[in-house]
Amino acid sequence: PTMHPQLIHEDDQYKLWHKLDDVYGLPKATFSFMVRTPIVYASPDSFIRIQLFCELFKEGITEELYEASLAGLTFHVEVLKEGISFTFTGYDEK
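Residues numbered from 1 in each chain as written. Predicted model: local features only at pLDDT ≥ 70, side-chain atom pairs only at ≥ 80, totals over all residues. Heavy atoms only, no water.

A short note on the overall build of the protein chain
Link 1 in the chain: Regarding its fold elements, the protein chain presents two helices and five strands.
Link 2 in the chain: Ordered by position from N to C terminus, the α and β elements of the protein chain give β-β-β-α-α-β-β.
Link 3 in the chain: Against the globule reference of 12 Å for 94 residues, the protein chain gives a C-alpha radius of gyration of 16 Å, more extended than a compact globule.
Link 4 in the chain: Relative to its full complement of 94 residues, the protein chain shows a buried share of 16%.
Link 5 in the chain: Of all intrachain contacts in the protein chain linking residues separated by at least 6 positions in sequence, the fraction that spans at least 24 positions is 51%.
Link 6 in the chain: As displayed, the protein chain has an accessible area near 7,800 Å², and 59% of this comes from carbon and sulfur atoms.
Link 7 in the chain: Within the protein chain, the 15 negative side-chain charges are centred at a point lying 6 Å from the centre of the 8 positive side-chain charges. (Helix = DSSP H or I, 4+ residues; strand = E, 2+ residues; numbered from the N terminus. Rg over C-alpha atoms; globule rule 2.2 N^0.38 Å. Buried < 20%, exposed > 50% of the residue type's maximum accessible area, 1.4 Å probe, protein only. Contact = heavy atoms within 4.5 Å. Areas by Shrake-Rupley, 256 points an atom, 1.4 Å probe, with all protein chains shown as cover. Lys, Arg positive; Asp, Glu negative; His and termini not counted. Charge placed at Lys NZ, Arg CZ, Asp CG, Glu CD.)

If you want it as structure tokens, here you go:
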């Protein structure tokens, strides 16, 4: 079994990793991306606005993705020093 994902592509915009689920044989997919911005910690006001945006995004997408969540789709939004991180995980039929 392969323990770590393999780096398939890397450039200055993104990295693409791949790893087969050779333990359970499930067609699981994870999509992560980050919106990099220097304004997250530029001021207390911008930090609060970014936090508020993330909370509103989570509230809105939770309703939109409710049925998909019943089938195992999950998502995570996090404010980091570098920007906002988005991760979606679920099952892929391919």
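What to know about the sheet that holds strand β4 (residues 74-79)
Link 1 in the chain: Pairing is antiparallel in the open sheet, where three strands are placed in the order β3-β5-β4. Looking along the sheet, the strands with just one partner apiece sit at the ends: β3 (28-36) and β4. For this sheet, the mean inter-axis angle between neighbouring strands, taken without regard to orientation, is 10°.
Link 2 in the chain: Of the strand pairs in this sheet, β3 and strand β5 (residues 83-91) are connected by nine bridges, and their pairing is antiparallel. Opposite R36, over in β5, you have G83 as the bridge partner. (Pairing = 2+ DSSP bridges. Axes fitted to C-alpha atoms, helices over the stretch in contact; angles between N-to-C directions.)

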